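# Structural overview
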Amino acid sequence: MLLQIHKSIYQLFSSFFICMLLLLPDSDHRTENLPCFHQINPMVSQDGNLVIGIFLSLFSVEVNRVTGAEQFESVPNKACKTYQWLHKNYQQALAVVFAIEQINRDPNLLPNMSLGFHLYNTYHSDERTLESSLLWLSGHGQLIPNYSCRDQDNTVAVIGGVTSALSVQMATLLDLYKFPQITYGPFDSILSDKVKFPFLYQMSPKDSSLHQGVVRLIVYFEWNWIALIITDDMRGEEFLWKMREEMAKNGVCMSFTEKIPVSERKLMESHENFMPRIMSSSTKVIVIHGDTDSLMILRYSQVPFFVTRKVWIATSHWDITMRPIYRQGHNFHGALTFSYLTSEIPGFKTFLKTVTPSKYPDDILLREFWFSAFRCSDQPENPEQEICSPNASLETLPLCCFDMTMYGLSYTIYNSVYAVAWALQEMFMRNSEKISIGDEEYLLLHSWQLHSSLKNTQFNNSGGDQVFLDENRLSEAHYAIMNYVFFPNETDALVKVGHFAPKAPLGQDFSICKDAIVWDWWNSKIPCGVCSNSCGPGFLKSPLEGEAPCCFDCSLCPEGEISSHIDAEYCTKCPETEYPNKQRDRCFPKVVTFLNVKEPLGMTLAFMAVSFSLLTALVLGVFMKFQDTPIVKANNRTLSYTLLISLILCFLCSLLFIGHPTTTTCLLRQTVFAIVFTVAISSILAKTIIVVMAFKGIKPGSRIRMFIQPKVSNYVVLICSGIQMTFCGIWLGTYPPFPEADTQSQSGHIIIKCNEGSDIAFYCVLGYMGFLALGSFTVAFLARNLPDTFNEAKFITFSMLVFCSVWASFLPTYQSTKGKAMVVVEIFSILASSAGLLGCIFIPKCYVILLMPDSNTQEKIKNKQDFRGKTFSATQPSTSNFGNNRLKGLTQKKVLASPISD
């Protein structure tokens with residue numbers, strides 16, 4: 001211990017001796033008045049038993065364009081360079097003064113001991129990186145490595161490093177002397193490496209969830225096409241990687257990325273002009289990540305006014321309100337920024353209101369700030385001269401110059417000063433040593449001894465927040481989402497419009513009041529930040545080849561499919577019981593439909609069927625009443641009755657096609673229709689066959705005469721109908737018809753119809769009827785000119801022509817129609833063909849029976865036959881005997897009107 005004390009005394013006297021030699025006024029080492037205010041270091045100092053070094057970025061200096069060996073040809077720090085105040089950062093210096101004054105007044109914190117500080121300006125440039133650190137280590141503004149020119153070694157810690165780059169550069173030098181360094185800049189995981197930076201402590205909360213908050217904001221406003229501006233360092237790369245991952249999860253695309261060099265010299269050497277390139281892009285939403293000092297180099301990109309409006313989203317450590325020129329606030333009007341959500345420090349605003357140059361007359365920094373912030377016309381040459389606006393207040397300054405609310409960096413610096421004080425308190429309570437030099441007693445303190453206390457320091461600040469220096473216990477940052485508004489009178493404000501708390505429960509972690517946001521002067525609507533406009537309902541996204549997923553075309557959904565939400569990637573089909581509307585964005589329940597007897601068409605067809613059946617029944621009644629007249633007895637009265645009854649059933653069977661199809665009606669429809677029509681056609685076929693056979697069988701000795709009997713016609717009807725019944729039985733036994741719901745034939749409707757079961761059986765039944773009809777037509781056509789009084793072969797020929805024409809046109813029409821129209825076509829064919837048979841065969845006979853009764857007598861018929869016989873004899877002499885014999889035979893058999901009768 002004694003050896004250590006002697007060594008310390010030796011170092012103290014050696015440093016003091018060398019510093020005195022350097023300060024002697026000789027020709028080689030004489031003091032000079034620094035020609036520039038910003039070259040005075042430390043800029044502000046307050047003595048105390050213990051001193052903290054404070055390194056803040058209060059103004060920037062123009063960067064030299066010289067490189068290489070030219071940098072060493074001139075003496076550094078001698079040329080007066082143009083500097084630019086960073087006015088808002090001055091609140092950080094006042095936060096230091098406020099914290100030091102509070103600590104020195106607190107009787108429970110460092111009692112009987114005062115805390116002082118030396119404040120230096122740090123320059124964000126390679127040329128001045130280590131200058132302030134060396135001045136701090138040497139003291140008295142002299143750059144003397146390894147020597148301290150202070151009166152006593154009472155330096156305990158350094159607070160500085162607004163950026164990661166400055167923190168690393170300062171730590172490289174300070175770690176050599178084991179000086180504790182507390183950084184107040186944004187948290188950087190690189191600085192957590194205790195092997196590389198064993199004496200560096202980070203005070204800011206962790207920003208590991210910041211990217212999630214930014215993407216949550218982007219997704220909330222339905223933006224998907226953004227640009228990202230980051231600093232060209234590891235922290236910027238880390239944020240870029242996290243943003244890309246989070247954006248991919250939420251369907252957000254990145255149009256481009258702009259990396260800003262963290263060194264002003266690199267920017268000047270590369271001759272980059274960032275802002276014109278950024279502003280000329282079509283991207284509307286731009287996210288900026290980085291610290292204020294790094295991104296202040298954008299001021300070299302001269303853009304007086306942004307023609308294209310952009311939405312700027314600034315992250316926590318970039319102060320969007322800071323600008324070198326008052327009137328440039330409109331450039332970022334309507335921007336959104338994530339700021340640290342901190343507690344209010346009691347008494348700080350009151351302290352700021354009382355700050356004036358007269359309160360701190362020795363503070364040259366405050367004097368120069370006052371002159372610059374209040375834009376005095378002329379700077380006083382005499383330091384004793386009163387400066388302009390002596391009674392002004394900081395609260396009258398615009399937001400771009402000063403903020404009366406303690407923001408994130410000032411809050412962190414305030415906590416850093418208190419962290420050093422609490423660490424010193426703990427260390428002195430454990431151990432303290434003093435040495436005596438002459439009559440003075442000095443506290444013996446080595447800065448490296450503070451580390452054991454610093455890393456375990458924790459306390460509650462005056463705002464009620466718990467503060468740690470242990471990086472493993474640092475909390476996640478909570479953010480207030482602020483809206484920057486620049487008013488026409490050149491004033492500006494930050495308005496809180498939301499918050500983001502990463503660790504809060506879901507639903508409480510993010511909130512935004514979009515109605516409170518001011519976007520721009522021309523439009524109050526939310527800007528559109530998309531690559532392609534959203535595809536509305538009814539459309540789907542069609543990706544563009546070679547483009548990002550957020551860039552696409554919109555295509556209408558295919559027929560029968562819908563998309564009910566915007567930006568659909570695929571369309572879906574409606575259920576069988578529903579159908580899409582014309583816009584193809586919704587499915588509606590289909591209307592169940594069938595040929596209903598209550599609707600006009602069904603009612604009309606049913607009325608026609610009943611009317612025709614009644615008319616046929618009336619004809620049947622006429623025939624039965626006049627059954628003994630020659631015209632009724634002619635051509636087989638039984639076949640006429642059978643034909644009329646079958647026609648009545650044909651008309652009535654069409655009613656089976658009207659109404660809601662059931663299993664029973666589906667089984668009866670086609671089979672009943674086929675059988676009754678077969679009976680009708682068979683009756684007509686029997687009529688024509690008997691006529692032909694009668695005329696062919698008149699010759700004596702002909703074998704055909706034995707078939708000219710009433711029973712033969714009945715057999716024809718029974719056999720032909722029996723074959724059709726066999727077909728129908730096979731059909732019903734194998735693939736019978738059944739009711740089904742047709743959802744495809746007509747959009748918006750479910751048609752209840754009968755499925756025929758077997759199409760082959762259905763067309764076989766129709767084909768058999770067609771075969772019979774064609775046979776009847778052929779036989780009737782051959783017998784149309786046979787002589788007879790009431791020969792109906794001509795009428796049968798015409799009726800079968802109508803019948804065949806109707807059903808020949810039925811087949812293609814039936815095949816080309818769907819749904820309810822198929823039923824209507826078949827009913828119409830049934831009614832038309834049946835009406836054709838009724839009208840062509842029986843209406844002429846009814847006309848004779850009812851309107852010409854004189855022609856329907858045996859005498860009238862006999863006179864006609866005698867007249868025809870004479871005519872036939874005169875015109876055909878060679879066959880007169882045949883004619884006389886024919887008439888004689890007919891007379892003897894009492895066949896007066898027809899070849900065969902009842």
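Below or above, wherever it landed, is the structure these notes cover. (Residues numbered from 1 in each chain as written. Predicted model: local features only at pLDDT ≥ 70, side-chain atom pairs only at ≥ 80, totals over all residues. Heavy atoms only, no water.)

### Brief notes about the overall build of the chain
Rules: Counting from the N terminus, the helices are the DSSP runs of H or I reaching at least four residues and the strands are the DSSP runs of E reaching at least two. Burial status follows relative accessibility: with a 1.4 Å probe on protein chains alone, a residue under 20% of its type maximum counts as buried, one over 50% as exposed, and anything between as partly exposed. Contacts were defined at the residue level, with two residues in contact if any of their heavy atoms lie within 4.5 Å. Note on areas: Shrake-Rupley, 1.4 Å probe, and residue coverage restricted to the protein chains presented here.
Scanning the chain from N- to C-terminus turns up 24 helices and 29 strands. Every one of the 902 residues in the chain was classed for burial, and the buried ones make up 50%. The contacts in the chain between residues at least 6 apart in sequence include a share of 70% that link residues at least 24 apart. Summing over all exposed atoms, the chain offers an accessible surface of approximately 43,800 Å²; the carbon and sulfur share of this is 58%.

### Some details on the pairing of strand E28 (residues 738–742)
The line we're drawing: Pairing between strands is defined by DSSP: at least two bridges between them are needed.
Here E28 runs beside strand E29 (residues 749–755); their pairing, made up of 5 bridges, is antiparallel. Across the sheet, residue Pro 739 finds its bridge partner in E29, namely Cys 754. Counted along the chain from E28 to the antiparallel partner E29, the turn is 6 residues long, and its residue Gly 748 has a positive phi close to 85°.

### Quick notes on the packing of helix H14 (residues 600–625) against helix H16 (residues 637–653)
Here is the rule we go by: As a rule, the C-alpha atoms of each element are fitted with a line to give its axis, helices using only the stretch in contact, and angles between N-to-C directions run from 0 to 180 degrees. Geometric relationships in this document are graded by angle, where less than 35 degrees denotes roughly parallel, more than 145 denotes roughly antiparallel, 65 to 115 denotes roughly perpendicular, and other angles denote oblique. A crossing counts as left-handed when the near helix is turned anticlockwise from the far one by less than a right angle, and as right-handed when that turn is clockwise. For this classification, the nonpolar set comprises Ala, Val, Leu, Ile, Met, Phe, Trp, Tyr, Cys and Pro, the charged set comprises Asp, Glu, Lys and Arg, and every other residue, Gly included, is treated as polar.
Contact pair H14 / H16: the axes reach a minimum separation of 8 Å and the direction vectors enclose 165°. When the axis of H14 is compared with that of H16, the two are roughly antiparallel. Considering the relative orientation of H14 and H16, their crossing is left-handed. On the side of H14, the interface is formed by Ala 609, Phe 612, Ser 613, Thr 616, Ala 617, Val 619, Leu 620, Phe 623 and Met 624, while H16 contributes Ser 640, Tyr 641, Leu 644, Ile 645, Leu 647, Ile 648, Phe 651 and Leu 652. Residue composition of the contact of H14 with H16, grouped by class: 14 nonpolar, 3 polar and no charged.

### Focus on the pattern of salt bridges
As a working rule, side chains carrying opposite charge can pair if their charged atoms are close by. Spelled out, the test is: Take a side-chain nitrogen of Lys or Arg and a carboxyl oxygen of Asp or Glu: if they are within 4 Å of each other, that pair is a salt bridge.
Under the counting rule described, the total for this entry stands at 11 salt bridges. The residue Arg 584 makes a salt bridge to Glu 559 at a minimum N-O spacing of 2.9 Å. Of this pair, Arg 584 sits in the loop between strand E25 (578–580) and strand E26 (587–589) while Glu 559 sits in the loop between strand E22 (552–556) and strand E23 (561–562), and the two are 25 residues apart along the sequence. With a relative accessible area of 17%, Arg 584 lands in the buried category. Across the pair Arg 637 and Asp 628 runs a salt bridge, and its minimum N-O distance is 3.6 Å. Given a relative accessible area of 18%, Arg 637 falls into the buried group.

### Thoughts on H14
Basically, it comes down to this: Take the residue count of a helix, subtract one, and multiply by 1.5 Å to get its expected span.
The end-to-end C-alpha distance of H14, which contains 26 residues, comes to 37 Å, matching closely the 38 Å that a straight helix rising 1.5 Å per residue would cover. Considered for burial, the residues of H14 that qualify are Gly 602, Leu 605, Ala 606, Ala 609, Ser 613, Thr 616, Val 619, Leu 620, Val 622 and Phe 623.

### Some thoughts on the state of the cysteines
Disulfide: a covalent bond formed between the sulfur atoms of two cysteine residues. The cut-off we apply is this: The definition used for a disulfide is geometric: two cysteine sulfur atoms within 2.5 Å.
Counted according to the given criterion, the structure contains 6 disulfides. The residue that forms a disulfide with Cys 535 is Cys 554, at a sulfur-sulfur distance of 1.9 Å. Between Cys 535 and Cys 554, the disulfide has an S-S torsion of -95° and is therefore left-handed. Of this pair, Cys 535 sits in the loop between strand E20 (510–512) and strand E21 (539–543) while Cys 554 sits in strand E22, and the two are 19 residues apart along the sequence. Between the sulfur atoms of Cys 574 and its disulfide partner Cys 587 the distance amounts to 1.8 Å.

### Remarks on the packing of helix H20 (residues 793–816) against helix H21 (residues 820–841)
For the pair H20 and H21, the least separation of the axes is 8 Å and the interaxial angle reads 175°. Put simply, H20 runs roughly antiparallel to H21. Note on element contacts: H21 touches H20 through Met 822, Val 825, Glu 826, Ser 829, Ile 830, Ala 832, Ser 833, Gly 836, Leu 837, Cys 840 and Ile 841, opposite Phe 795, Ile 796, Phe 798, Ser 799, Met 800, Val 802, Phe 803, Val 806, Trp 807, Phe 810, Thr 813 and Tyr 814. Its residues assigned to classes, the contact of H20 with H21 comprises 17 nonpolar, 5 polar and 1 charged.

### Brief notes about the side chain of Ser 281
By secondary structure assignment, the location of Ser 281 is in the loop between helix H8 (274–279) and strand E11 (285–289). Looking at Ser 281, the relative accessible area reads 15%, which means it is buried. Here Ser 281 is in contact with Phe 256 and Lys 310, once residues within four sequence places are set aside.

### Quick notes on the packing of aromatic side chains
Our working rule: Any two of the Phe, Tyr and Trp rings considered here, Trp counted by its six-membered ring, make a pair once their centres fall within 6.5 Å; the pair's planes then place it as stacked at under 30 degrees, edge-to-face at over 60, or tilted in between.
If you walk through the whole model with that rule in mind, you get 38 aromatic pairs. An angle of 50° between the planes, with centres 6.3 Å apart, marks the rings of Phe 803 and Trp 807 as tilted. Pair noted here: Phe 803 and Trp 807 are both in helix H20, with a separation of 4 residues, about one helical turn. Of the two residues examined, Phe 803 and Trp 807, each falls in the buried class.

### Here's the deal with the sheet that holds strand E6 (residues 155–159)
What the 6 strands build is an open sheet, ordered E1-E5-E2-E6-E7-E8; its pairing is mixed. Both edges of this open sheet fall to strand E1 (44–46) and strand E8 (200–202), since each of them pairs with a single strand only. Averaged over all pairs of adjacent strands, the angle between their axes in this sheet comes to 20°, without regard to strand direction. One ladder, built from 7 bridges, connects strand E2 (residues 50–56) with strand E5 (residues 115–121); its direction is parallel. For Val 51, the partnering residue across the bridge sits in E5 and is Gly 116. This element, helix H2 (residues 90–105), spans E1, E2 and E5 of the sheet and lies at about 170° to E5. Here helix H4 (residues 164–174) sits on the sheet in contact with E2, E6, strand E7 (181–183) and E8, set at roughly 175° to E7.

### Some points on helix H12 (residues 408–430)
Here H12 is 23 residues long and its end C-alpha atoms lie 33 Å apart, about the 33 Å a rise of 1.5 Å per residue gives. The buried fraction of H12 amounts to 19 of the 23 residues, a majority that puts the element mostly inside the structure.

### Things to note about the sheet that holds strand E27 (residues 591–593)
Spatially, the 3 strands line up as an open sheet ordered E27-E29-E28, and their pairing is mixed. Every other strand in the sheet has two partners, leaving E27 and E28 as the edge strands with one partner each. Each strand axis lies, on average, 25° off the axis of its neighbour in the sheet, ignoring direction. Where E27 lies against E29, 3 bridges are found, and the strand directions are parallel. Looking at E29, one finds that Val 592 is bridged to Ile 750.

### Focus on the side chain of Thr 671
Cut-off, in case you're wondering: As used in this structure description, the phrase polar contact means that two N or O atoms lie within 3.5 Å; if the pair is within protein, one of them must be able to donate a hydrogen and the other to accept it, and residues adjacent in sequence are counted only when both atoms belong to side chains.
Checked against the element boundaries, Thr 671 lands in helix H17 (residues 663–696). With a relative accessible area of 6%, Thr 671 lands in the buried category. Engagement of the side chain of Thr 671 in a polar contact is seen with the backbone oxygen of Leu 667, the distance being 2.7 Å. Separated by 3.3 Å, the side chain of Thr 671 and the backbone oxygen of Leu 668 make a polar contact. Filtering out sequence-adjacent residues up to four positions away, Thr 671 remains in contact with Cys 728 and Leu 732.

### Side note on the pairing of E5
Across the 7 residues that make up E5, a large majority, 7, are buried. Of the pairings in the sheet, the one linking E1 to E5 comprises 3 bridges and is antiparallel in character. Across the sheet, the residue bridging to Val 44 is Leu 119, located in E5.

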